[in-house]
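Chains, contacts and geometry: an overview
Chain residues, written in single-letter form:
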Amino acid sequence: MVNTGLLVLTNPKRIGKLLPIIKQHVLKTLYIQYFPEKNILVSSSYSVSPKLTGPCYSRIIANIYAFATNHSNSLDVRVLLSNLKSSNGSITHTKRPVELVIFDRICSNSDANTFMQNCLSNTSMGCKYLTFDEKELETEYDETSAESNSEDKLYKNVVLGGTFDRLHNGHKIFLSEAILRCTDSLTVGVTDINMIKKKMLWELIESCSQRIASLKDFTEDVDPSLKYNLVPIIDMYGPTKDDPNFEMIVVSEETKKGGEMINEKRKENHLNSLDIYVVKLVEDANHTEHEETKISSSNNRIRLLGTRLKTPNLDGKAILPYIIGLTGGIASGKSSVANKLQNLGAGLINCDLLAHSLYAPGMKCNTLIKETFGPQFINPDGQVNRKELGNLVFHNEAELKKLNNIMWPAILEETKYQINKLYKEGFEIVVIEAAVLIQAGWQPHCHEIWTCIVPQEEAVNRLMERNKFSEEEAKKRILVQPNNVEQVKNAHVVFATLWSHEITQQQIQKAWNEILKDLKKYLKS
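Residues numbered from 1 in each chain as written. Predicted model: local features only at pLDDT ≥ 70, side-chain atom pairs only at ≥ 80, totals over all residues. Heavy atoms only, no water.

1. Comments concerning the sheet that holds strand β2 (residues 26-34)
Keep this limit in mind: At least two bridges found by DSSP between two strands is the condition for calling them paired. Only runs of H or I of at least four residues qualify as helices and only runs of E of at least two qualify as strands under DSSP, and these elements are numbered from the N terminus. Fitted lines through C-alpha atoms give the axes, limited to the stretch in contact for helices. The angle between two N-to-C directions lies from 0 to 180 degrees.
A sheet is described by the order of its strands in space; here 5 strands give the open sequence β3-β2-β1-β4-β5, paired in parallel fashion. What marks the edges here is a single partner per strand, and that holds for β3 (76-79) and β5 (123-131). For this sheet the average axis-to-axis angle between neighbouring strands, irrespective of direction, equals 20°. Bridging between strand β1 (residues 2-9) and β2 involves 7 bridges; their strand directions are parallel. By the bridge assignment for β2, Thr 4 is matched with Thr 29.

2. Some remarks on the packing of aromatic side chains
Heads up, the condition is: Side-chain rings of Phe, Tyr and Trp, where Trp is taken by its six-membered ring, are said to pair if the distance between their centres is within 6.5 Å; with planes under 30 degrees apart they count as stacked, over 60 as edge-to-face, and otherwise as tilted. Classification of residues uses two cut-offs on accessible area relative to the type maximum, computed with a 1.4 Å probe and protein chains only: under 20% is buried, over 50% is exposed, and between them is partly exposed. Note on geometry: a ring has a charge over it if NZ (lysine) or CZ (arginine) is within 6 Å of the ring centre and within 35 degrees of the ring normal.
Under the counting rule described, the total for this entry stands at 7 aromatic pairs. Between Phe 35 and Phe 115, the ring centres sit 6.5 Å apart and the planes meet at 85°, which makes this aromatic pair edge-to-face. With Phe 35 in the loop between β2 and α2 (58-71) and Phe 115 in helix α4 (residues 109-118), the pair connects residues that are 80 residues apart, well separated along the chain. Residue Phe 35 shares its accessibility class with Phe 115, and that shared class is buried. What makes Phe 115 buried here is its relative accessible area of 0%. Taking the ring centre of Tyr 277 as reference, the NZ or CZ of Arg 181 above it sits at 3.8 Å. Of note, Lys 265 hangs over the ring of Tyr 237, and the distance from its end group to the ring centre comes to 5.1 Å.

3. Focus: the sheet that holds strand β11 (residues 322-328)
The condition is simple: The criterion used for residue contact is that any of the two residues' heavy atoms lie within 4.5 Å.
Spatially, the 5 strands line up as an open sheet ordered β12-β13-β11-β14-β15, and their pairing is parallel. Only two strands of the sheet have a single partner each, and these edge strands are β12 (347-350) and β15 (493-496). Averaged over neighbouring strand pairs, the angle between their axes works out to 20° when direction is ignored. Taken together, the 5 bridges between β11 and strand β14 (residues 448-453) define a ladder with parallel strand orientation. Each residue of the ladder has a partner; that of Gly 325, found in β14, is Ile 449. Strands in contact with helix α10 (residues 351-358) are β12 and β13 (429-433); relative to β12, the strand with the most contacts, it is inclined by about 50°. Strands in contact with helix α18 (residues 501-524) are β11, β13, β14 and β15; relative to β15, the strand with the most contacts, it is inclined by about 160°.

4. Observations concerning unusual backbone geometry
Cis geometry is adopted by the peptide bond preceding Pro 321, which originates at Leu 320 and carries an omega value of -5°. Positionally, Pro 321 belongs in the loop between α8 (297-304) and β11. A positive phi angle, near 55°, is found at Phe 164, a position not held by glycine. Checked against the element boundaries, Phe 164 lands in the loop between β6 (155-162) and α5 (169-180). In this structure, Arg 166 takes a positive phi of about 45° despite not being glycine. As for its position among the elements, Arg 166 is in the loop between β6 and α5.

5. Examining the confidence of the model for the protein
What counts, and what does not: Known as pLDDT, the predictor's per-residue confidence is scaled from 0 to 100.
In the predicted model, the protein carries a mean pLDDT of 91, and the fraction of residues at 70 or more is 94%. Long-range and interchain partners of residues 38-45, a stretch whose pLDDT sits below 50, account for 14 contacts in this model, where long-range means more than four residues apart. The low-confidence segment residues 142-150, where pLDDT is below 50, has 19 contacts with residues more than four positions distant or belonging to other chains.

6. Details of α8
Among the 8 residues that make up α8, 7 are buried, leaving the element largely enclosed by the rest of the structure. Within the sequence span of α8, burial applies to Ser 297, Ser 298, Asn 299, Asn 300, Arg 301, Ile 302 and Leu 304. Of the surrounding secondary structure, the elements contacted by the buried residues of α8 are α5. Once α8 ends, the next one or two residues include Gly 306, with phi positive near 85°.

7. A short note on the layout of surface pockets
The cut-off we apply is this: Buriedness of a pocket was judged along seven lines, with at least five required to meet protein on both sides within 12 Å; pockets are open sets of points on a 1 Å grid over the protein atoms alone, cavities are sets where a 1.4 Å probe fits but cannot get out, and lining residues have an atom within 4 Å of a point. Grid points are joined across faces, edges and corners, and a volume is the space filled by probe spheres set on the points. Residues are grouped as follows: Ala, Val, Leu, Ile, Met, Phe, Trp, Tyr, Cys and Pro are nonpolar; Asp, Glu, Lys and Arg are charged; every other residue, Gly included, is polar.
Of the volumes computed, that of the largest pocket is approximately 1400 Å³. As for the largest pocket, its lining consists of 46 residues, of which Ile 330, Asp 352, Phe 394, Ala 435 and Gln 481 are closest to the centre. Listing elements by their share of the lining of the largest pocket, those giving two or more residues are α9 (334-344), α10, α12 (386-393), α13 (397-424), α15 (456-466), α16 (471-479) and α18. Of the residues assigned to the lining of the largest pocket, the class counts are 20 nonpolar, 17 polar and 9 charged. Roughly 1000 Å³ of volume is contained in the second largest pocket. Gly 161, Gly 162, Thr 163, Lys 199 and Thr 255 are, among the 46 residues lining the second largest pocket, the residues nearest its centre. Listed by contribution, the elements that provide at least two residues to the lining of the second largest pocket are β6, α5, β7 (182-191), β9 (248-252), α7 (256-268) and α8. Grouping the amino acids of the lining of the second largest pocket by side-chain chemistry returns 20 nonpolar, 18 polar and 8 charged.

8. Thoughts on α10
Condition: What the arc covers is the set of directions going from the helix axis to the C-beta atoms. Polar contact criterion, stated in full: a pair of N or O atoms within 3.5 Å, where within protein one must be able to donate a hydrogen and the other to accept it, and residues adjacent in sequence count only if both atoms are side-chain atoms.
By the burial criterion, the buried members of α10 are Cys 351, Leu 354, Ala 355 and Leu 358. End-on, the buried residues of α10 take up no more than an arc of 100°, which puts them together on one face. Looking at the buried positions of α10, the neighbouring elements they touch are β12, α11 (364-373), α13 and β13. Two or three places before Asp 352, at the start of α10, stands the capping residue Asn 350, its side-chain oxygen 2.9 Å from that residue's backbone nitrogen.

Here's what the structure looks like:
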């Protein structure tokens, strides 16, 4: 296996059969340089017909990315555009050194080596190649068999905008359509934090700076000839409302109305209207019932649920018992997740129930609560009046801090005792269910933190239904806890209990299988 490969594609009809094969040879990045078959010169110097402009290839490129989504979504596929836009382009430039060249037709050793030496600007030492018999790659799929006859206009200054979370093939189609039509400067507006909060699982969206860095890497790689302006935006207009140099805006079918609104704003500001180019949405053939039918970042974020987002905290810890800290906001579904993990074979410690036991008469916490808050919070039978105590601390931050200083150390001490007890009983994996895990700073005591999240409005509705709280009271309970962003920041794995129990179970099973696989590996080493 190599990290980076280059597919020399002369017939896009072959892409469907090639991609699954290439996945067995290329691990990370696959560049695709499209050279229309009729334009290959016998000398192995590849060129593109000067009669065709960049936009004429847009349908083919969109289909290549669509195929990549359906057949090899794990690969970072990048269709190189410079040579498609320039009739005199013969050198293929890539940021990453090419380790393997794949030809979609039979190629002699001499021709393959000539191409690698003369037509590639960046190859690794010992770059190898593969060739295929084109007859074996024939397919009935023929939508990409001919270039478009479109004489799409070219523009010096093009603009587009979006979220661009975890750059996927839908984004690459969108960006490629703009790049193919741009001759000088491409401006990309990237939505900042205030514009993303209505999106599905927005807490999992990369930071604006991360998204801009990914865009810069991709755009400069597929066409280094353009000037790129990648800017954060805090409203739908971004720089389009006052920049007189823009000539065209690229939008998707979903955001066409936004393009029209931008032109209205430009008219108000006495600026020229922008030509609007609409990019069709591409179907995600792998989408499930609760996902969007199009290739989308939302689908990618849904698919992150139950997967490990960062490496476990193994420093200075014994591997067994393997401790998972399960947390999440109130009404996030963590108890349901905890029960499912217990059914899979985990030992379970419910820190809320532990706290209840520590409130009992004769326990140290009971005495400290009486001394700290007064005897009025102790019932005649000696039990702590948890309802009255809760009403006090959830409305007074100083009083809540006093209670936490009493309870958290005691709960942690009892939790450690229970972990050892469960391990002796044969449980190698122990789950600590604790709503306060992050606030209490217990992360160092866990190998991993697994977090449950739901949107705030969903949590409010659940509390109103389950606990009969008013909307105001439900919001107060939620706001005293770490928000979803803080929860995700600390998480190794994230779950969302927004859908059916079966879908939640799938997320949990995915995470559980990963733990079992890693434990097997850790214990062998």
